[in-house]
Amino acid sequence: MKLSLLTAAAALALATALPASAQTPAVTASASAQTVQPRADSAAVEGGEVRYFVHGDLTSGKRPLLVLHGAFMSSDAMKPFTDLITDRPLIVLDQRGHGRTGDLPGPISYEALADDAAAVLADAGVSKADVVGYSMGAGAALQLALRHPETVDHLVIASVAFNEAGNLPGFIQMMDSITPEIFAGTPMEAEFKRLAPNPEAFASVVEKIKVMDQGQDWPAEDIRALTSPTFIIVGDHDIVRPEHAVELYRLRGGGDTARASQPFLTEAPPARLAILPGASHIDVFGDPALLAAMILPFVDDRTRPRPPGLFEDVPGE
């Protein structure tokens, strides 16, 4: 499986197609409620340390939200989303090879990213968190649930496949065409050099991301066995095929006939699915307010409000 198609191909599209102004989403005035500076910390992991940031009070009694960014991104790039989450503590990583963590010895793999995330939670004193991952971060989040299931409560995975067949055809070739030179002069290269402790390691990171998934295949039966409620999000023009998102949704308990036969959902279902209309892989993260509006009810186990008027007196309710 080549999950890195989900990240590297998207990065290629960003590096070659989008103007600089479109590559850094603006934080609107309504997203400025997080006025207190986050606490910066680091967790010891294999090969070095992973930098992370804590927003809010981890002792508040509210379950934290762990946020895992995509490839060639950083914790800073997640601000348009994380600035909207003001009702619970957040933990946001700079994953290995990215941001202030920078390049660490050895390869970048989803297993290593998952182990890093588990180490961060342990370092922060958090036994269990809700987890949101986008693209590469979604692969890390899914592996976190597989490798460290005791740490994951609710699981949100946006734009990720669990096997190669889940991706649209042709992206292997696009993956093979990516070189460090493609990123020369792009905001992604500039941001890496601005944040990384080893700014000259960008080429190394590109090469690691290119090969990070070779030979992998995540068994469907292992995914089916997970106990975390799961929310799958993709775009209808994503690198991930919509059919694959539905397959993942069903593996996680979605599509139950008895549940679907109810006039209203009386309790939170084990799986939710959102296929965003007119959305590419990159566009999935293009509307942070929409993501927050979908994700917060999920992690709070809320069902949708009932339509007013006509359905107020359904027999048996």
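Residues numbered from 1 in each chain as written. Predicted model: local features only at pLDDT ≥ 70, side-chain atom pairs only at ≥ 80, totals over all residues. Heavy atoms only, no water.

### A word on the overall build of the chain
What the chain contains, in helices and strands, is 11 helices and 8 strands. A buried classification covers 52% of the 317 residues belonging to the chain. Carbon and sulfur atoms provide 54% of the accessible area of the chain, an area that totals close to 13800 Å². (Helix = DSSP H or I, 4+ residues; strand = E, 2+ residues; numbered from the N terminus. Buried < 20%, exposed > 50% of the residue type's maximum accessible area, 1.4 Å probe, protein only. Areas by Shrake-Rupley, 256 points an atom, 1.4 Å probe, with all protein chains shown as cover.)

### Concerning the packing of aromatic side chains
Under the criterion given, the structure shown has 7 aromatic pairs. Ring plane angle 25° and centroid distance 5.4 Å describe the contact between Tyr134 and Phe285, whose orientation is recorded as stacked. Of this pair, Tyr134 sits in strand E5 (residues 129-134) while Phe285 is found in the loop between strand E8 (271-280) and helix H11 (288-299), placing the two residues 151 residues apart along the sequence. As far as burial versus exposure is concerned, Tyr134 and Phe285 are alike and both buried. Taken together, Phe72, Phe183, Phe192 and Phe202 form an aromatic cluster joined through their ring pairs. (Phe/Tyr/Trp six-rings, centres within 6.5 Å; stacked < 30°, edge-to-face > 60°.)

### Here's the deal with empty space enclosed by the protein
Considering all chains together, one arrives at 1 cavity of 30 Å³ or more under this definition. Reported here for the largest cavity is a volume of approximately 80 Å³. At the level of elements, E5, strand E6 (152-158) and H11 are the ones that each hand at least two residues to the lining of the largest cavity. If you tally residues by element for the lining of the largest cavity, the top one is E5, at 3 residues. Among the residues making up the lining of the largest cavity, the classes are represented as 11 nonpolar, 1 polar and no charged. (1 Å grid on protein atoms, 1.4 Å probe; cavity = no way out; pocket = protein on both sides within 12 Å on 5 of 7 lines; lining within 4 Å. Points joined across faces, edges and corners; volume = space filled by probe spheres on them. Nonpolar A, V, L, I, M, F, W, Y, C, P; charged D, E, K, R; others polar.)

### Quick word on the sheet that holds strand E2 (residues 48-55)
Strand order across the open sheet formed by 8 strands is E1-E2-E4-E3-E5-E6-E7-E8, with mixed pairing between neighbours. At either end of the open sheet lies a strand with only one pairing partner, and these are strand E1 (39-45) and E8. Neighbour-to-neighbour, the strand axes of this sheet turn through a mean angle of 20°, independent of strand direction. Pairing of E2 with strand E4 (residues 90-93), which is carried by 4 bridges, proceeds in the antiparallel orientation. Pairing of Val54 across the sheet is with Ile91, part of E4. Along the sheet, helix H3 (residues 110-123) contacts E1, E2, strand E3 (65-68), E4 and E5; its crossing angle with E1, the most-contacted strand, is approximately 125°. Seen against the sheet, H11 touches E3, E5, E6, strand E7 (230-237) and E8 and runs at an angle of roughly 155° to E7. (Pairing = 2+ DSSP bridges. Axes fitted to C-alpha atoms, helices over the stretch in contact; angles between N-to-C directions. Contact = heavy atoms within 4.5 Å.)

### Some remarks on the layout of surface pockets
Each pocket or cavity is described by its volume, and for the second largest pocket that value is around 510 Å³. Considering the residues around the second largest pocket, the lining is formed by 21 residues, among which Leu265, Pro269, Arg272, Arg302 and Arg304 are closest to the centre. Elements that contribute at least two residues to the lining of the second largest pocket include exactly helix H10 (257-260), E8 and H11. Per element, the largest residue contribution to the lining of the second largest pocket is 4 residues, and it comes from E8. The residue inventory of the lining of the second largest pocket, partitioned by class, reads 12 nonpolar, 4 polar and 5 charged.

### Thoughts on the pattern of salt bridges
Tallying each qualifying case throughout the model produces 16 salt bridges. Close ionic contact of Asp94 with Arg100 constitutes a salt bridge, the shortest N to O distance being 3.1 Å. Judged by its relative accessible area of 0%, Asp94 is buried. With its nearest N and O atoms 2.7 Å apart, the salt bridge here joins Asp103 to Lys208. Of this pair, Asp103 sits in the loop between E4 and H3 while Lys208 sits in helix H7 (residues 202-211), and the two are 105 residues apart along the sequence. Of the two residues examined, Asp103 and Lys208, each falls in the buried class. (Salt bridge = Lys/Arg side-chain N within 4 Å of Asp/Glu carboxyl O.)

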